[in-house]
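Secondary and tertiary structure notes
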Amino acid sequence: MEMAGRGGFGSGGDAAPEGVVLAQASRGGESLPWLVANGRALPLREWAGEWPLGRAGSLTELLERWPDHESDLRALTTLPQTRDLVLTRGDDIGSLRIQAPIQPRQAFCTIGNYRRQVVEAAMDVGGGAGGPGAPGRRAAALEALDRRSRTGEPYVCLTSSERVGRPIGNLAIAPGVETLDWEVEIAAVIGATARRISPGNAAGVIAGYCVANDLTVRSWVAREDLPALGSDWLQSKGMPGSLPLGPWFVPAWQVPDASQLRLQLSVNGTVMQDDTAEDMLFGIEHQVAYLSRHTRLRPGDVLCTGSPAGFGSHHGRFLRPGDLVTARVTGLGEQRLHCVEEQAPSPHLAPPRATEKELMR
């Protein structure tokens, strides 16, 4: 059994969603979509007789048909009797094994999108606020940010959906990974096919939001053997489980202004990141519109929208086995991951090789 952490399962704190939200979780080995309210959860299939969306086998399946289900889901989750049913008949969230709410076909991560984080990184390069030339470095970073906000575009990388991991439980760190860094983010989940849309129309294709932690092996971002080629997002962001999503999927109608959401991350109880999405260089709608100009977005795609100041590279420490990393966003929920050492796979005998005669058959 996985016990709920403080504020992590809608039981209190400003990270708890106010409305009825959704989760993907298993009980007894069967993974199902659930409706969640105030620390209780009831399988969505309880409403299958009256609502076709209740027949979805997963949130991923539901989101891939979001245009067909959105209005019904909004109606269902806003009915007072729905919340009452979850609270009276639902299971305690602590008895469920929470999974990522969605397994996206495409996952994107926006890099360097919080002003204070970009300035902090520029200052760290020269030895911090007390280093030589600090005022000049700060002024140059702010000038570059101002220019980029007026004439530039977001910097987005396409990342593997295989990275997506659970938001509650253990995070396995492989031997040799010594600079695993944290990045709490707001993940926007796409709910419609979109191509070349404007920022003004982008909000209409966002189905909802969830918490993300875009874990990155910081020392592997740059390739020393190929410095001219820039960042290597495969080796720095490819680790299994390095993109925990959830615990909840919060529909967009419950988030009237994403720019006011507060993001926080702590390690062993010490706050490392704490800022609001208002510090974004490019807002979420701008990012979605930018993406749609360069690729086709489809329901269920996920965009991680950037991370505020306070990376491990700034604090001079990284995640290691034994750490507890907690990532939370106002109204979207809280992740709790215990870092453990990855266990070596059990040795096994290789299958016998086929003979030449067998290969020719």
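Residues numbered from 1 in each chain as written. Predicted model: local features only at pLDDT ≥ 70, side-chain atom pairs only at ≥ 80, totals over all residues. Heavy atoms only, no water.

**Focus: the pairing of strand S2 (residues 30–37)**
Buried residues dominate S2, accounting for 6 of its 8 residues. Note that strand S1 (residues 21–27) and S2 share 7 bridges and pair antiparallel. Counted as the bridge partner of arginine 27 is glutamate 30 from S2. Between S1 and S2, which follow one another and run antiparallel, lie 2 residues, and glycine 28 among them has a positive phi close to 70°. Across 4 bridges, S2 lies against strand S3 (residues 40–43) in antiparallel orientation. (Buried < 20%, exposed > 50% of the residue type's maximum accessible area, 1.4 Å probe, protein only. Helix = DSSP H or I, 4+ residues; strand = E, 2+ residues; numbered from the N terminus. Pairing = 2+ DSSP bridges.)

**Things to note about the pairing of strand S11 (residues 184–190)**
Among the 7 residues that make up S11, 7 are buried, leaving the element largely enclosed by the rest of the structure. Burial along S11 is two-sided: the residues Val184, Ile186, Ala188 and Ile190 and Glu185, Ala187 and Val189 are all buried. Across 7 bridges, S11 lies against strand S12 (residues 206–213) in antiparallel orientation. When the sheet's bridge partners are listed, valine 189 is paired in S12 with glycine 208. Across 3 bridges, the pairing between S11 and strand S18 (residues 302–304) is antiparallel. Bridging across to S18, valine 189 finds its partner in valine 302.

**Focus on the sheet that holds S3**
The 5 strands are arranged S4-S3-S2-S1-S5 in an open sheet whose pairing can be described as antiparallel. Both outer strands of the open sheet, strand S4 (91–92) and strand S5 (97–99), are each paired with one neighbouring strand and no more. Pairing between S1 and S5: 3 bridges, direction antiparallel. Counted as the bridge partner of serine 26 is arginine 97 from S5.

**Regarding the packing of aromatic side chains**
Tallied over the full model, the rule gives 3 aromatic pairs. Plain terms: the ring middles of tyrosine 155 and tryptophan 233 are 6.3 Å apart, the flat faces sit at 55° to each other, and that makes the pair tilted. A residue pair is termed long-range when its members are at least 10 positions apart, and tyrosine 155 in strand S7 (residues 155–159) and tryptophan 233 in helix H7 (residues 233–237) qualify at 78 residues. Judged by its relative accessible area of 39%, tyrosine 155 falls in the partly exposed class. (Phe/Tyr/Trp six-rings, centres within 6.5 Å; stacked < 30°, edge-to-face > 60°.)

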